[in-house]
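Fold and contact review
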Amino acid sequence: AQTVTQSQPEMSVQEAETVTLSCTYDTSESNYYLFWYKQPPSRQMILVIRQEAYKQQNATENRFSVNFQKAAKSFSLKISDSQLGDTAMYFCAFTIQGAQKLVFGQGTRLTINP
Amino acid sequence: GAGVSQTPSNKVTEKGKYVELRCDPISGHTALYWYRQSLGQGPEFLIYFQGTGAADDSGLPNDRFFAVRPEGSVSTLKIQRTERGDSAVYLCASSDSGSSYNEQFFGPGTRLTVL
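The present account deals with the structure reproduced in this document. Small disclaimer: the values here were computed from a predicted structure and weren't measured. (Residues numbered from 1 in each chain as written. Chains lettered and ligands numbered in written order. Predicted model: local features only at pLDDT ≥ 70, side-chain atom pairs only at ≥ 80, totals over all residues. Heavy atoms only, no water.)

Details of the sheet that holds strand β8 (residues 75–79) of chain B
Residue and element names in this part refer to chain B. Put simply, the rule is: In this analysis, strands are considered paired if DSSP registers two or more bridges between them. Only runs of H or I of at least four residues qualify as helices and only runs of E of at least two qualify as strands under DSSP, and these elements are numbered from the N terminus. The angle between two axes is taken between their N-to-C directions and runs from 0 to 180 degrees, where each axis is a line fitted to C-alpha atoms and a helix contributes only its stretch in contact.
Across the sheet, which stays open at both edges, the four strands sit in the order β1-β3-β8-β7 with antiparallel pairing between neighbours. Strands at the two margins of the open sheet, each flanked by one partner only, are β1 (5–7) and β7 (65–68). Ignoring strand direction, the axes of neighbouring strands in this sheet form an average angle of 15°. Judged from the three bridges that link them, β1 and strand β3 (residues 19–24) form a sheet pairing that is antiparallel. When the bridges of β3 are listed, Q6 appears paired with C23.

Now the structure itself:
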């Protein structure tokens, strides 16, 4: 069975700081995909960034980047120049190639303070 | 364009009652997913539709839960004989194909409270 673990239930940083959210996963598959989703208080999950496991290059999307360590089964999210609007729950998720269901971690509540 | 919509946004019911939760996916999206999110947890997969058929229903917890998508668009999640443990936010998502890498677009969810 695939599992995703987020070991930081809550994090808090000052606006404009850089913050890194941790995620580890467990799978015996070699082809899979990893995602970070953001869930603001409105409850609507929004995709932040995604990574294909076969790609060694880390994905980046503007202020968001990942550190993908396949051997360690680690997929952390770095948010640079954090903004108040980044305040939300962040979920790491995983799916294997050929499957469609996402397996989510427990989430990290991130607060950006002014 | 319009995103995924879910109705109702909140539903309060009594233990033992039957409820239906509706999901309107993004127009043209062939894949539709239901997830359940309990308080303080990440979403858990329930069922996946490709077109009209349920391609994977391995996440449905028991036979009280059933979902349909008769015309390949709108989907309804049906829960019979509700229990207090069914209280959660039920999320629907859609994507434009069944590719594992495709972004799933989520709706705002229906918060179900079983008294």
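Moving on from the model shown.
As for the pairing of strand β8 (residues 64–69) of chain A
Residue and element names in this part refer to chain A. The pairing of strand β7 (residues 60–61) with β8 spans two bridges and is classified as antiparallel. Each bridged residue has a counterpart across the sheet, and for T60 the counterpart in β8 is S65. Here β7 hands over to β8 after two residues, with N62 in that stretch at a positive phi of 55°. Of the strand pairs in this sheet, β8 and strand β9 (residues 74–79) are connected by six bridges, and their pairing is antiparallel. Of the residues in β9, the one forming a bridge with F64 is I79. The turn joining β8 and β9, which pair antiparallel and follow one another in sequence, is formed by four residues; a positive phi near 55° is taken by K73.

Remarks on the nonpolar core
Residue and element names in this part refer to chain A. To be explicit about the condition: To form a nonpolar core, buried Ala, Val, Leu, Ile, Met, Phe, Trp, Tyr and Cys residues must be joined to one another through side-chain atoms within 4.5 Å. In this scheme, a residue with accessible area under 20% of its type's maximum is buried, one over 50% is exposed, and one in between is partly exposed, where area comes from a 1.4 Å probe on protein chains only.
Judged by nonpolar contacts, the single largest core of 27 residues is most densely connected at Y25, Y32, W36, F75, L77 and Y90. If you list the elements that add at least two residues to this core, you get β3 (19–21), β5 (32–39), β6 (46–52), β8, β9, β10 (88–96) and β12 (108–113). The leading source of residues in this core is β10, at five residues.

So, to be careful, I would describe these as geometric facts and stop short of saying anything about function.
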